[in-house]
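If you want the building blocks of each chain, they are given just below.
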Amino acid sequence: MNRLIFAAALGLAATGTTQAAAIHGLVNTGVDASLVDSNYQLNGKASFVTANDAAFPFPHWSANTATSRWIMPTALQGESFNHTSPGTYTWHLGFDLSGFDAASASFSGRFAADNRATAYLNGHAIGLTGGFGENDWRQLSAASYFVAGLNSLDFVITNDAYGAGNPTGLRVEFLSSQVTAVPEPEAYAMLLAGLLLVGALARRRKA
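As the structure is a prediction and not an experimental result, all values here were calculated from the model. (Residues numbered from 1 in each chain as written. Predicted model: local features only at pLDDT ≥ 70, side-chain atom pairs only at ≥ 80, totals over all residues. Heavy atoms only, no water.)

### So, the overall build of the protein chain
Right, on to step 1. When helices and strands are counted, the protein chain shows two helices and 11 strands.
Right, on to step 2. Along the protein chain, helices (α) and strands (β) appear in the sequence α-β-β-β-β-β-β-β-β-β-β-β-α when read from the amino end.
Right, on to step 3. Going through the 207 residues of the protein chain one by one, you find that 40% of them count as buried.
Right, on to step 4. Counting contacts in the protein chain only where the partners sit at least 6 residues apart, residues at least 24 apart contribute 73% of the total. (Helix = DSSP H or I, 4+ residues; strand = E, 2+ residues; numbered from the N terminus. Buried < 20%, exposed > 50% of the residue type's maximum accessible area, 1.4 Å probe, protein only. Contact = heavy atoms within 4.5 Å.)

Below, the structure written as structure tokens:
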């Protein structure tokens, strides 16, 4: 009987533990069926998704897949920018960690950009890419710099100037992510009750 009570007490204590979950809101570029990507904001507006893999700037850009697609500033695929001077384009992806332990969060993935980009998590640089071909993917990962509540992941692209103009775009793929939920107050109370019961049983066994 004592063993059964002891096992029940351990079960009460274990109830207060939490498990890691994927971070909601970390989505790949162009994953929706639509040609508009509302997840990634450019100057506060939705981005456009490449529609034709047989048209410029393909095959210079890495080929789209079911996992992710390239996004652009306008609906006109391959539209040229920056004829006389370089341009800067900042794509923003927001995600919310309310109710989660920000210190436990992490993610890993990869990204590419035309011409090059730096990724920032809440203002901290976490990745740099310098190309857009099949072999130009670069690592994108973070295990710190997360904050409670709303988080910002920004991709700042520099597009070089060419006399004939130059297209620009971004591609992001998340491979994994995790974060631990913050237990509710009731869970803490149950955990404490379970631990107290375990201690009481231990003292009783010694007596």
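Moving on from the model shown.
### Comments concerning the pairing of strand 3 (residues 45-49)
Note on strand geometry: in a regular strand, side chains alternate between the two faces of the sheet.
Right, on to step 1. Note that strand 2 (residues 36-42) and strand 3 share four bridges and pair antiparallel. Opposite Val 36, over in strand 3, you have Phe 48 as the bridge partner.
Right, on to step 2. Taking the residues between adjacent antiparallel strands as the criterion, strand 2 and strand 3 are bridged by two residues, where Asn 43 takes a positive phi near 55°.
Right, on to step 3. Relative to strand 4 (residues 71-72), strand 3 runs antiparallel, the two being bridged by two bridges. (Pairing = 2+ DSSP bridges.)

### Here's the deal with the pattern of salt bridges
Right, on to step 1. Tallying each qualifying case throughout the model produces three salt bridges.
Right, on to step 2. The residue Glu 173 makes a salt bridge to Arg 171 at a minimum N-O spacing of 3.6 Å. No difference in accessibility class separates Glu 173 from Arg 171, as the two residues are buried.
Right, on to step 3. Via salt bridges that share partners, Arg 110, Arg 171 and Glu 173 belong to a single interconnected network. (Salt bridge = Lys/Arg side-chain N within 4 Å of Asp/Glu carboxyl O.)

### A closer look at the environment of Phe 58
Right, on to step 1. As for its placement among the helices and strands, Phe 58 is situated in the loop between strand 3 and strand 4.
Right, on to step 2. The class of Phe 58 is buried, set by a relative accessible area of 5%.
Right, on to step 3. Residues Phe 58 and Gly 78, 20 residues apart in the sequence, show an inter-C-alpha distance of 8.7 Å.
Right, on to step 4. Ignoring anything within four residues of it in the chain, the contact list for Phe 58 reads Thr 50, Asn 52, Asp 53, Ala 63, Asn 64, Trp 70 and Gln 77.

### A look at unusual backbone geometry
Right, on to step 1. Omega for the bond connecting Phe 56 with Pro 57 falls within 30 degrees of zero, at 15°, which places this linkage in the cis form.
Right, on to step 2. Structurally, Pro 57 can be placed in the loop between strand 3 and strand 4.
Right, on to step 3. A cis amide bond links Phe 58 with the next residue in sequence, Pro 59, at an omega value of 5°.
Right, on to step 4. By the secondary structure assignment, Pro 59 is in the loop between strand 3 and strand 4.
Right, on to step 5. Located in the positive-phi region is Asn 82, a residue other than glycine, with phi close to 55°.
Right, on to step 6. Topologically, Asn 82 is positioned in the loop between strand 4 and strand 5 (87-96).
Right, on to step 7. Judged by its relative accessible area of 14%, Asn 82 is buried.
Right, on to step 8. Phi at Tyr 145 takes a positive value of approximately 75°, unusual for a residue other than glycine.
Right, on to step 9. Summarising the element assignment, Tyr 145 is placed in the loop between strand 9 (138-142) and strand 10 (150-159).

### Quick look at the pairing of strand 10
Right, on to step 1. Two strands pair when backbone bridges link them, and strand 5 and strand 10 are joined in this way by 10 bridges, in the antiparallel orientation. The residue bridging His 92 from the neighbouring strand is Asp 154, located in strand 10.
Right, on to step 2. For strand 7 (residues 116-121) and strand 10, the ladder comprises six bridges, and the chain directions are antiparallel. Bridge assignment links Arg 116 to a residue of strand 10, and that residue is Thr 158.

### Quick notes on the nonpolar core
Right, on to step 1. Phe 107, Phe 146, Leu 153 and Phe 155 are the most contacted members of the largest nonpolar core, which has 31 residues in total.
Right, on to step 2. Counting residues per element, the ones that place at least two in this core are strand 2, strand 5, strand 6 (100-114), strand 7, strand 9, strand 10 and strand 11 (169-181).
Right, on to step 3. Broken down by element, this core gets its largest block of residues, five residues, from strand 6.
Right, on to step 4. Those residues within four positions of Phe 107 in sequence are excluded, and the remaining contacts are Leu 26, Leu 121, Ile 126, Leu 140, Ser 141, Ala 142, Phe 146, Leu 153, Phe 174, Ser 176 and Ser 177. (Core = buried A, V, L, I, M, F, W, Y, C linked by side-chain atoms within 4.5 Å.)

### Overview of the environment of Thr 158
Right, on to step 1. Considering the arrangement of structural elements, one finds Thr 158 in strand 10.
Right, on to step 2. Apart from the residues within four sequence positions on either side, Thr 158 is in contact with Gly 87, Asp 114, Asn 115 and Arg 116.

Shape is all these values report; function is a separate question.
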